Amino acid sequence: MRICVYCGSSPGRGKYGETARLVGQTLAERGITVVYGGGRVGTMGALADGALAAGGEVVGVIPQHLVDREVGHQRLTELHVVTTLHERKALMADLADAFLTLPGGAGTMDEMFESWTWSQLGLHEKPIGLLDVGGYFQHLLRFVDHMIGEGFLKQRFRDILVVDEELDRLLDRCVAYQPPSHTWADMSPPAP
């Protein structure tokens, strides 16, 4: 199994770097290949280092402009260098059987939201997990619930997101994930 992990190029404050390292280690110990953004910095680097130290396989996907800035990880099992961020996201998604989002910034959220949108549209049926480290995603989840309340999101699409604060339980829930029975593509078009 391959899990695409979305995480940051910054370390964040406090426990996030250590958590990312432990995620990498845990995935490696479970025999799961890590697919990620290919960086050696921030929680991305900690994730890769944790998996590699535990003997795991790590596949990075990174745009050339970031390689040129010397932020690419040089000790990965595989490193795919692409031209654009769009290519990076598409290849990471193609290489993965599931997605796992760690705390991160705008880029991390962009990746997670795109995977989530693709799932709503029926473009894939892969689980999307959020590791809620220290309640990091609680404000986002309240906003998602606000989207439902305002009529912009269906509950079944909210339920695509598998959220847990405990990694092993989150991974088990992702393995057991069942996609929604109806996607946006199955819905009737709105009346003119």
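In this text, all values refer to a predicted model and were calculated from it rather than measured experimentally.

Further remarks concern the sheet that holds strand β7 (residues 161-164). The strand order across the open sheet built from seven strands is β4-β3-β2-β1-β5-β6-β7, with neighbouring strands paired in parallel fashion. The sheet is open, and its two edges are formed by β4 (78-82) and β7, each paired on a single side. Neighbour-to-neighbour, the strand axes of this sheet turn through a mean angle of 25°, independent of strand direction. Sitting on the sheet, helix α5 (residues 106-120) touches β1 (2-6), β5 (98-101), β6 (128-131) and β7, and the angle it makes with β6 is about 150°. Against the sheet, helix α8 (residues 167-175) contacts β1, β5, β6 and β7, and its axis sits at roughly 160° relative to β7.

Time to look at the pattern of salt bridges. Applying the stated criterion across every chain yields a total of 11 salt bridges. Of the charged contacts in the structure, one is a salt bridge between D172 and R30, with a shortest N-O distance of 3.1 Å. One end of the pair, D172, is in helix α8; the other, R30, is in the loop between α1 (16-29) and β2 (33-36), and 142 residues separate them in sequence. For D172, a relative accessible area of 45% corresponds to the partly exposed category. Between D110 and K89 there is a salt bridge; the shortest N-O distance is 2.8 Å.

What follows deals with the pairing of β1. With four of five residues buried, β1 is to be regarded as a mostly interior element. Sheet topology places β1 next to β2; three bridges connect them, and they run parallel. By the bridge assignment, I3 is partnered in β2 with V34. Taking the sense of rotation as the criterion, the β-α-β connection linking β1, α1 and β2 turns out right-handed. Relative to β5, β1 is paired through four bridges, and the arrangement is parallel.

Interhelical geometry of α1 versus helix α2 (residues 42-53) gives an angle of 35° and a closest axis separation of 7 Å. Crossing geometry of α1 relative to α2 is assigned as right-handed. From α1, Y16, G17, A20, R21, V23, G24, Q25 and A28 reach across to α2, where they touch T43, A46, L47, G50 and A51. When grouped by side-chain class, the residues that make up the contact of α1 with α2 number seven nonpolar, five polar and one charged.

This part is about the nonpolar core. Core analysis: the biggest nonpolar cluster contains 56 residues, and V5 and L100 have the highest contact counts within it. When residues in this core are grouped by element, the largest group, six residues, is from α2.

Attention now goes to the environment of C174. Along the chain, the position of C174 falls in helix α8. Relative accessible area serves as the criterion here: at 7%, C174 is assigned to the buried category. Residues C174 and L100, 74 residues apart in the sequence, show an inter-C-alpha distance of 9.0 Å. Apart from the residues lying within four places of it in its own chain, the contact partners of C174 are P127, G129 and V162.

A separate point is helix α4 (residues 85-95). Taken residue by residue, α4 has R88, K89, M92, A93 and L95 as its buried positions. Looking straight down α4, one finds its buried side chains confined to an arc of 165°; they lie on one side. Opposite the buried face of α4, by more than 90 degrees, sit the exposed residues H86 and D94.

Take the packing of aromatic side chains next. Aromatic ring pairs are described here by two measures, namely the spacing of the ring centres and the angle between the planes. For the coordinates displayed, the defined rule picks out four aromatic pairs. Taken together, a centroid distance of 5.8 Å and an interplanar angle of 15° make the contact between Y6 and F99 stacked. Separated by 93 residues along the polypeptide, Y6 in strand β1 and F99 in strand β5 bring together distant segments of the chain. The same class applies to Y6 as to F99, namely buried. Relative to Y136, the ring of Y16 has its centre 5.7 Å away and its plane inclined at 75°; by these criteria the two rings are edge-to-face. A residue pair is termed long-range when its members are at least 10 positions apart, and Y16 in helix α1 and Y136 in the loop between β6 and α6 (138-149) qualify at 120 residues. For Y16, a relative accessible area of 19% gives the class buried. Grouped by ring-pair contacts, the aromatic residues Y16, Y136 and F137 constitute a single cluster. It is K15 that lies over the ring of Y16; its NZ or CZ is 5.6 Å from the centre. Stacked on the ring of F157, the Lys or Arg R156 has its end atom at 4.9 Å from the ring centre.

The rules behind these values
- Residues numbered from 1 in each chain as written.
- Predicted model: local features only at pLDDT ≥ 70, side-chain atom pairs only at ≥ 80, totals over all residues.
- Heavy atoms only, no water.
- Pairing = 2+ DSSP bridges.
- Helix = DSSP H or I, 4+ residues; strand = E, 2+ residues; numbered from the N terminus.
- Axes fitted to C-alpha atoms, helices over the stretch in contact; angles between N-to-C directions.
- Contact = heavy atoms within 4.5 Å.
- Salt bridge = Lys/Arg side-chain N within 4 Å of Asp/Glu carboxyl O.
- Buried < 20%, exposed > 50% of the residue type's maximum accessible area, 1.4 Å probe, protein only.
- Right-handed = clockwise from strand over helix to strand, strands pointing away.
- Left-handed = near helix turned anticlockwise from the far one by under 90°.
- Nonpolar A, V, L, I, M, F, W, Y, C, P; charged D, E, K, R; others polar.
- Core = buried A, V, L, I, M, F, W, Y, C linked by side-chain atoms within 4.5 Å.
- Arc of directions from axis to C-beta.
- Phe/Tyr/Trp six-rings, centres within 6.5 Å; stacked < 30°, edge-to-face > 60°.
- Lys NZ or Arg CZ within 6 Å of the ring centre and 35° of its normal.

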